[in-house]
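# Close look at the chain arrangement
Take a look at the letters that make up each chain.
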Amino acid sequence: MADPATGEPMEVGVHTRIGSVTKPFTATLVLQLAEEGQLSMEDPIADYIEGIPNGEQITLRQLTDMTSGVASYTRSTQFTDRFFADPQQVFTPEELVAVGVSESPLFAPGAQFDYSNTNYILLGLVIEQVTGQPVGEVLEENVFDPLELDETTWPGASTEMPEPYAQGFTLQGDTATPEAPADATHWNPTWGATAGALISDVDDLLVYGRAMGTGHGLLEPEAQRERLTSFRPPESGYGLGFGCIDGWVGHTGTLPGYNTTVYYDTTTDTTVVVQATSDIPSGDCPESPVLADDPKTLPCATPATRIFAEVSTALGHTFTPNPER
């Protein structure tokens, strides 16, 4: 349901917050700027932003493919304690970066993989510095307009959602319980920024998912080939803004209230999008909280991921997600 209080159903055209599905959009902008010669993927982040541990060695490529060693602010209680105490507060990108920096480095640049939202906040700051424009405007000009994504929006600091929209429910936060999940629909999105703030609908995400997988309308063939061979390790890892599992390339977005999957099957030219009105996992979850009446007979999974895996099997090419906790 888009709204349990009224019984309004989920339908094509309903908007949701797409969380980390924002990351492929951000990475696309960086790759476009590299194509234009305005930056290089081998530039160190220190060329743009001071005070990043190992900043002279961390490249924009390593930020994009999650091998930078910069800690994720979302795993820090410095951030979560403040955010969950007041989900309406506004965060600046600089504040988010400062939290990640305070717990960095986790390892030497390029030494290993660690999924860090801080990486993508830094990339957003680089985009704004190089273009001299707010990132929302750059997204409009370079991605939304060329692909005619009329229902995809950058919210900035607004908590409003475009009509029609789905209510999103979560067990995250200081007030939620398994018996009474919290309504996170209008939590302030600034904490996600270029790592997770975008809003969209199914039709737009189907268009974007195929463009992401093929490069059509976004990147020249050479840059797209680089993107599709960037996964670490090949076929089962993360690359330049999205991951690859057995030929399915794309991204999952999970944030309080919503869960989204956008994947493109490179073997059949098929795009699948799932939007869910909750980020609450179900099944046998040893760490993540589940609803009070949740059955434990299935492996732990978030709702959009579980649905996508089943749809992929029905399509004849099963997507096997990484285990949830």
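Think of each chain on its own: its residues are numbered from 1, step by step along the sequence as written. Reporting in this predicted model follows two pLDDT cut-offs: at least 70 for local features of residues, and 80 or more for side-chain atom pairs to be given and counted; totals over whole chains, interfaces and linings ignore these cut-offs and use all residues. Note that water and hydrogens are dropped before the side-chain values are worked out from all heavy atoms of the structure.

### A word on the nonpolar core
For soluble globular proteins, the rule of thumb is that nonpolar side chains tend to be buried together. Convention followed: Throughout this description, the term nonpolar core refers to a set of buried Ala, Val, Leu, Ile, Met, Phe, Trp, Tyr and Cys residues connected via side-chain atoms within 4.5 Å. Burial classes follow relative accessibility: with a 1.4 Å probe on protein chains only, a residue under 20% of its type's maximum area counts as buried, one over 50% as exposed, and anything between as partly exposed. By definition, any uninterrupted DSSP run of H or I lasting at least four residues is a helix, any uninterrupted run of E lasting at least two residues is a strand, and each is numbered from the N terminus.
By size, the foremost hydrophobic cluster in this structure holds 76 residues, and its most contacted members are Phe25, Ile45, Ile52 and Val143. Element by element, the count of residues in this core is highest for helix α5 (residues 117–131), at eight residues. Membership of the second largest hydrophobic core comes to nine residues, among which are Val272, Val274, Ala276 and Phe308.

### Section: helix α8 (residues 202–214)
Formally: A helix's residues, less one, multiplied by 1.5 Å, set its expected span.
Relative to the 18 Å expected for 13 residues at 1.5 Å per residue, α8 spans 18 Å between its end C-alpha atoms, a close match to the ideal helical length. The set of residues buried in α8 consists of Val202, Asp204, Leu205, Tyr208, Gly209, Ala211, Met212, Gly213 and Thr214.

### Quick look at the packing of aromatic side chains
Going by this rule: Ring pairs shown here join Phe, Tyr and Trp side chains whose ring centres sit within 6.5 Å, with only the six-membered ring taken for Trp; geometry is labelled stacked below 30 degrees between planes, edge-to-face above 60, and tilted in between.
Tallied over the full model, the rule gives 18 aromatic pairs. When the ring of Tyr73 is compared with that of Phe79, the centres are 5.3 Å apart and the planes differ by 85 degrees; the resulting orientation is edge-to-face. This pair shows no difference in class: Tyr73 is buried, exactly as Phe79 is. Consider the rings of Tyr263 and Phe319, whose centres lie 4.7 Å apart with planes at 50 degrees: the pair is tilted. Linking Tyr263 in strand β7 (residues 258–265) with Phe319 in the segment after α10 (303–314), this pair joins segments that are 56 residues apart in sequence.

### A closer look at the UniProt feature "domain: Beta-lactamase-related" (unreviewed entry) in the protein
Worth spelling out the cut-off: UniProt positions are given in the numbering used here, feature names are shortened, and annotations may be inferred rather than shown by experiment.
Per the UniProt record, "domain: Beta-lactamase-related" (unreviewed entry) is found at residues 2–281. Here residues 2–281 runs as 32% helix and 12% strand, with 18 Å between its end C-alpha atoms.

### Topic: the pairing of β7
The condition that has to hold: Any two strands with at least two DSSP bridges between them are considered paired.
Of all eight residues in β7, eight are buried, a share of seventy percent or more. A two-sided burial pattern is seen for β7, the buried positions comprising Tyr258, Thr260, Val262 and Tyr264 on one face and Asn259, Thr261, Tyr263 and Asp265 on the other. Bridge analysis of strand β6 (residues 248–255) against β7 gives eight bridges, and the strand direction is antiparallel. Across the sheet, residue Leu255 finds its bridge partner in β7, namely Tyr258. Hairpin geometry of β6 and β7 is characterised by an intervening segment of two residues between the two adjacent antiparallel strands and by a positive phi of about 100 degrees at Gly257. The pairing of β7 with strand β8 (residues 270–276) spans seven bridges and is classified as antiparallel. Bridge pairing links Tyr264 to Thr271 in β8. Between β7 and β8, which pair antiparallel one after the other, the connecting turn spans four residues, and Asp269 there sits at a positive phi close to 60 degrees.

### Topic: the pattern of salt bridges
We apply this condition: Within this document, salt bridges are pairs made up of a side-chain nitrogen of Lys or Arg and a carboxyl oxygen of Asp or Glu, the two lying within 4 Å of each other.
One pass over the full model with this rule turns up six salt bridges. The partner of Glu226 in a salt bridge is Arg61, and the shortest N-O contact between them spans 2.7 Å. With Glu226 in helix α9 (residues 221–228) and Arg61 in helix α2 (residues 60–64), the pair connects residues that are 165 residues apart, well separated along the chain. We classify Glu226 as partly exposed; its relative accessible area is 28%. A residue is classified by how much of its surface remains accessible, and Arg61, at 22% relative accessible area, is partly exposed. What emerges from the salt-bridge pattern is a single network uniting Glu42, Arg61 and Glu226.

### A word on the side chain of Asn259
Condition: By definition, residues are in contact when any of their heavy atoms lie within 4.5 Å.
Tracing the backbone through its elements, the reader meets Asn259 in strand β7. Setting aside its immediate chain neighbours within four residues, Asn259 contacts Thr252, Gly253, Thr254, Val274, Gln275, Ala276, Ser278, Asp279, Thr302, Pro303, Ala304 and Thr305.

### Brief notes about the sheet that holds β6
The line we're drawing: Axis lines are fitted through C-alpha atoms, for helices just across the contact stretch, and the angle between N-to-C directions can take any value from 0 to 180 degrees.
Strand order in the open sheet formed by four strands is β5-β6-β7-β8, and the pairing between neighbours is antiparallel. Because the sheet does not close on itself, it has two edges, and the strands there are β5 (243–245) and β8. Strand after strand, the sheet turns through a mean of 25 degrees between neighbouring axes, direction not considered. As defined by bridge partners, β5 adjoins β6 across three bridges and the pair is classed as antiparallel. Opposite Ile245, over in β6, you have Trp248 as the bridge partner. α10 contacts β6, β7 and β8 of the sheet and is inclined by roughly 30 degrees relative to β7.

### A look at α9
Here is the rule we go by: Summarising the geometry, the arc corresponds to the directions from the helix axis toward the C-beta atoms.
Listed in full, the buried residues belonging to α9 are Ala223, Gln224 and Arg227. Down the axis of α9, the sector holding all buried residues measures 100 degrees, keeping them to one side. Projecting away from the buried face of α9 at angles above 90 degrees are the exposed residues Glu222 and Arg225. Tucked into the core, α9 has its buried residues touching α1 (22–35) and α8.

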